[in-house]
Number of protein chains: 2
Amino acid sequence: MNIGEAAERSGVPAKTIRYYESIGLIAPAERSAGGYRVYDAREVETLRFVQRARSLGFSIEQVGELLALWRDRSRASADVKAMASAQVAAIDRKIAELQGMRDTLEHLMTRCHGDARPDCPILEDLAGAEAAPAEER
Amino acid sequence: MNIGEAAERSGVPAKTIRYYESIGLIAPAERSAGGYRVYDAREVETLRFVQRARSLGFSIEQVGELLALWRDRSRASADVKAMASAQVAAIDRKIAELQGMRDTLEHLMTRCHGDARPDCPILEDLAGAEAAPAEER
DNA sequence: CTTGACCTTCCAGTTGCTGGAATCCCCATA
DNA sequence: TATGGGGATTCCAGCAACTGGAAGGTCAAG
């Protein structure tokens, strides 16, 4: 099958498949006489693996590691689990960060009238609040 | 004051200040005889505003809008509140997405021994599952 | 044979910086 | 006055992970 069909079946856009190939995440595809990339079911499965791992937030590099583990029949499942666990921790950190932003914004919003008047504690706080661990001078 | 001090006082790195100037987020700074950028307290305040808004997850473009509202003494506080509200919604969407990833990963992890054996449902699921969100099969 | 869908490569742009090179300015000390 | 060091300047490159678009080649149908 051509790249278009592989894209459709795997859920990875054709452009992205070429990109993955160009950076070495996946092996270069076979080519037809006319120079078209040709894929089979196994490669579609790999692409689906990649797409799923990406959708779980793994970086390209991590996906590369997961692919290597996947292909290594002698890998220890603990290695995979460790990666998953680290990824959960990373996601948790991101969630916590976003939660912090969210809470701050909500707090600012409660103090803003939100009407036609110009007074706006949100802007005042953005301007006045300390940015970072700034020293007094 | 020079850019270094402005950076320290605002919490925005000197390089980032130049970058913000180059993309037009902030106005070009005055220059000294020797060509150095010169800042005063008002500009540091602006930088602090930017840095705080960025830390709340607003994009550069949104920060530009917030700056415009900040400088517009006749703005309606409702406009600001609407931006904040939209930002909260955007953050909520991201949190939900991350939560989904997290839950899926956790689920996969519970089914993996995590020992020296190669059997690993995590990899199997990554390969076999449909690209879309994780139905039971 | 032509049309149009699909494929190819390559370059550029996205977001928000950050690192580094080469050069210049400023101030203080020997 | 030379010099040394710590700023500052510009510009170029690159990070992640694609995505869009141009210019052109291929293929199957009509």
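About the cut-offs
Residues numbered from 1 in each chain as written. Chains lettered and ligands numbered in written order. Predicted model: local features only at pLDDT ≥ 70, side-chain atom pairs only at ≥ 80, totals over all residues. Heavy atoms only, no water. Helix = DSSP H or I, 4+ residues; strand = E, 2+ residues; numbered from the N terminus. Expected span 1.5 Å × (residues − 1). Buried < 20%, exposed > 50% of the residue type's maximum accessible area, 1.4 Å probe, protein only. Arc of directions from axis to C-beta. Contact = heavy atoms within 4.5 Å. Salt bridge = Lys/Arg side-chain N within 4 Å of Asp/Glu carboxyl O. Near = heavy atom within 4 Å. Polar contact = N/O pair within 3.5 Å; in protein donor to acceptor, adjacent residues only side chain to side chain. Nonpolar A, V, L, I, M, F, W, Y, C, P; charged D, E, K, R; others polar. Domains from an automatic or database assignment. Buried area = accessible area lost by both parts, 1.4 Å probe.

A few words on helix 4 (residues 60-71) of chain A. The first and last C-alpha atoms of helix 4 of chain A sit 16 Å apart over twelve residues, in line with the 16 Å expected at 1.5 Å per residue. Listed in full, the buried residues belonging to helix 4 of chain A are A:Val63, A:Leu66, A:Leu67, A:Leu69 and A:Trp70. Down the axis of helix 4 of chain A, the sector holding all buried residues measures 160 degrees, keeping them to one side. Of the exposed residues in helix 4 of chain A, those oriented more than 90 degrees away from the buried face are A:Glu61 and A:Arg71. Buried residues along helix 4 of chain A sit against helix 3 (41-55) and helix 5 (77-110) of chain A together with helix 6 (121-128) of chain B.

A few words now on the pattern of salt bridges. Residue and element names in this part refer to chain B. Evaluated as defined, the whole model comprises 14 salt bridges over all chains. When the shortest N-O distance is used, the salt bridge between Arg-102 and Glu-106 registers 3.0 Å. Of this pair, Arg-102 and Glu-106 both sit in helix 5 (residues 77-110), separated by four residues, roughly a single helical turn. Judged by relative accessible area, Arg-102 falls into the buried class, the value being 17%.

Moving on, we come to the protein's contact with DNA strand C. Lining the immediate surroundings of DNA strand C are 18 residues, of which A:Gly4, A:Arg37, B:Lys15, B:Tyr20 and B:Arg54 lie closest. Counting only atoms of DNA strand C within 4 Å of the protein, the fraction found in sugar and phosphate groups is 70%. Note that a base oxygen of DNA strand C is positioned 3.1 Å from one of the side-chain N or O atoms of A:Tyr36. Of the residues in the surface near DNA strand C, the class split is seven nonpolar, six polar and five charged.

Attention now moves to the protein's contact with DNA strand D. Looking at DNA strand D, there are 17 residues lining it, with A:Lys15, A:Tyr36, B:Gly4, B:Arg18 and B:Tyr36 nearest. Note that a phosphate oxygen of DNA strand D is positioned 2.8 Å from one of the side-chain N or O atoms of A:Tyr20. The side chain of B:Arg31 places a nitrogen or oxygen atom 3.0 Å from a phosphate oxygen of DNA strand D. For the surface near DNA strand D, the elements supplying multiple residues, two or more each, are helix 2 (14-22) of chain A together with helix 1 (3-10) of chain B. No other element matches the four residues that helix 2 of chain A contributes to the surface near DNA strand D. Of the residues in the surface near DNA strand D, the class split is six nonpolar, six polar and five charged.

For the rest of this paragraph, the subject is the domain arrangement of chain A. All names here are of chain A. When its domains are assigned, chain A resolves into domain 1 (3-75) and domain 2 (79-128). Measuring from the centre of the C-alpha atoms in domain 1 to the corresponding centre in domain 2 gives 35 Å. Between domain 1 and domain 2, the residue contacts involve seven residues of the former and six residues of the latter. With both sides pooled, the region where domain 1 packs onto domain 2 buries about 580 Å², and carbon together with sulfur makes up 71% of that total. Summed over the three residues of domain 1 that lose the most area to domain 2, namely Phe-58, Leu-66 and Leu-69, the buried surface amounts to 54% of that side. Along the contact surface separating domain 1 from domain 2 lie two residue pairs in polar contact (both at pLDDT 80 or more). Residues that form the side of domain 1 that touches domain 2 fall into these classes: four nonpolar, two polar and one charged.

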